[in-house]
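Examining the three-dimensional arrangement
This is what each chain is made of:
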Amino acid sequence: MIKADMRKKMESARQKVLAAIHAHGGTTLLSTGLTGDDARLAKAAIAAGAKMVEPNHPAVALARGYKGVTNMHAAEQIRHEIPIVEMAKVTSGVRQVVGKDIYITVGIPGGFTEIMPTILTDNDFKLMSEAGADGLHIHKSDLQDLAEIVEKAHYYGLLVDAYIGRSTDLHSFGIPADTPEEVAKVAKEMEKIGVDFIGLMTGMSYEGIAAGEIPAVIKERLKSLVETVNVPTLAEGGINLNNQTAFRNTGVNILVVGTAIDDMAEEAVKAAVKSFLP
């Protein structure tokens, strides 16, 4: 009944991503954190040239001060409690502000490997699609779970960006793969089940790394990903102004940046408020 309509919706969304990558010389930005969840700041990010934004449920928990959380680590513990309808409201607001040509991918409860198992229903996918999402930002740690989400997402016209992590990560944010060889193997499986954009979680310690550089292990893992798949690739975690060039030089197509922008915004607010105080 709606297969052709949904294929058309997905192709339009895919072209938004490819256009963003092309416009920015092969590597673009997916702006998340407060620039994804606050429509005012999403608008600012778009005015500055961003073409992709990402609202997500842990960032919404942090923005709302849900249960008193004041940092992202705490927000990750209760992110599954954010109602799907709230994510739809956030997405709808951002969409109305940024316009139809901006790509919006959304992290939703049940789309991550949650502390409390959260089941996504057909209505959840339909709700996000109708709210204006182009895609879902997925952090599942099991290929079968991921395959089920891809099937449902595509049925409702949503693309999927999903991630590869490590078995030792503090939070489970992707299919585990600890070596470059495992990254390649998992990436091929993800592409095979229909994941539209494949990312690598890179939030490791940078202690001892020269300014502006990234650890050799990250370079090797990203190289393995980029050289293995045909779909656009992403890097997420620990990307900032100092190391962004090193990340770009790996050939990855999309840099997912949230915390670095959030921190800069926080400092800007502090400075502005101080200027008004005696």
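Residues numbered from 1 in each chain as written. Predicted model: local features only at pLDDT ≥ 70, side-chain atom pairs only at ≥ 80, totals over all residues. Heavy atoms only, no water.

With respect to the overall build of the protein
On a plain count of helices and strands, the protein comes out with 12 helices and 9 strands. In terms of overall size, the protein behaves like a compact globule, its C-alpha atoms giving a radius of gyration of 18 Å where 278 residues would be expected to give roughly 19 Å. Along the three orthogonal principal directions, the C-alpha set of the protein runs to about 65 × 40 × 40 Å. As displayed, the protein has an accessible area near 13200 Å², and 56% of this comes from carbon and sulfur atoms. When the 28 positive and 35 negative side-chain charges of the protein are each reduced to one mean point, those points stand 5 Å apart. (Helix = DSSP H or I, 4+ residues; strand = E, 2+ residues; numbered from the N terminus. Rg over C-alpha atoms; globule rule 2.2 N^0.38 Å. Areas by Shrake-Rupley, 256 points an atom, 1.4 Å probe, with all protein chains shown as cover. Lys, Arg positive; Asp, Glu negative; His and termini not counted. Charge placed at Lys NZ, Arg CZ, Asp CG, Glu CD.)

Structural notes on the environment of leucine 241
Looking at the element boundaries, leucine 241 is found in the loop between strand S8 (233–236) and helix H11 (244–248). Counting along the chain gives 24 residues from leucine 241 to valine 217, while the straight-line C-alpha distance between them is 20 Å.

Remarks on a nonpolar patch on the surface
A contiguous nonpolar surface patch, about 280 Å² in accessible area, is contributed by Val269, Val273 and Leu277. Along the chain, the position of valine 269 falls in helix H12 (residues 259–276). (Patch = residues over 30% accessible without salt bridge, like charges linked within 9 Å, V, L, I, M, F, W, Y side chains within 5 Å. Salt bridge = Lys/Arg side-chain N within 4 Å of Asp/Glu carboxyl O.)

Quick word on the pairing of strand S4 (residues 135–138)
What you see with S4 is no split at all: Gly135 and His137 on one side and Leu136 and Ile138 on the other are buried throughout. For strand S3 (residues 103–106) and S4, the ladder comprises 2 bridges, and the chain directions are parallel. Bridge pairing in S4 places valine 106 opposite leucine 136. On the question of chirality, the crossover connecting S3 to the parallel S4 by way of helix H7 (residues 122–131) is right-handed. Bridge analysis of S4 against strand S5 (residues 159–165) gives 4 bridges, and the strand direction is parallel. Note on S5: the bridge partner recorded for histidine 137 is aspartate 161. In this fold, the crossover linking S4 to S5 by way of helix H8 (residues 143–155) has right-handed handedness. (Buried < 20%, exposed > 50% of the residue type's maximum accessible area, 1.4 Å probe, protein only. Pairing = 2+ DSSP bridges. Right-handed = clockwise from strand over helix to strand, strands pointing away.)

Comments concerning the packing of aromatic side chains
Taken as a whole and assessed by the stated rule, the structure comprises 3 aromatic pairs. Considering the side-chain rings of phenylalanine 112 and phenylalanine 173, the 5.9 Å spacing of their centres and the 90° angle between planes classify their relative orientation as edge-to-face. One end of the pair, phenylalanine 112, is in the loop between S3 and H7; the other, phenylalanine 173, is in the loop between S5 and strand S6 (175–176), and 61 residues separate them in sequence. Residue phenylalanine 112 is classed as buried on the basis of its relative accessible area, which comes to 3%. On the numbers, 4.9 Å between centres and 80° between planes, the contact of tyrosine 155 with tyrosine 156 is edge-to-face. Note on tyrosine 155: relative accessible area 40%, which makes it partly exposed. (Phe/Tyr/Trp six-rings, centres within 6.5 Å; stacked < 30°, edge-to-face > 60°.)

Re a negative patch on the surface
On the surface, Asp142, Asp145, Glu148 and Glu151 cluster together to form a negatively charged patch. If you trace the backbone, aspartate 142 turns up in the loop between S4 and H8. Judged by relative accessible area, which is 35%, aspartate 142 ranks as partly exposed.

Some remarks on the pattern of salt bridges
Using the criterion set out here, one finds 16 salt bridges in the structure. For the salt bridge of aspartate 134 with lysine 16, the shortest nitrogen-to-oxygen distance reads 3.0 Å. Taken together, the residues span a long stretch of sequence, with aspartate 134 in the loop between H7 and S4 and lysine 16 in helix H1 (residues 3–23) at a distance of 118 residues. Comparing aspartate 134 with lysine 16, the two get one shared label, buried. The shortest N-O distance in the salt bridge between glutamate 227 and lysine 223 comes to 3.0 Å. Of this pair, glutamate 227 and lysine 223 both sit in helix H10 (residues 216–228), 4 residues apart, roughly one helical turn. Residues joined by salt bridges that share partners form a network here, namely Glu11, Arg14 and Asp196.

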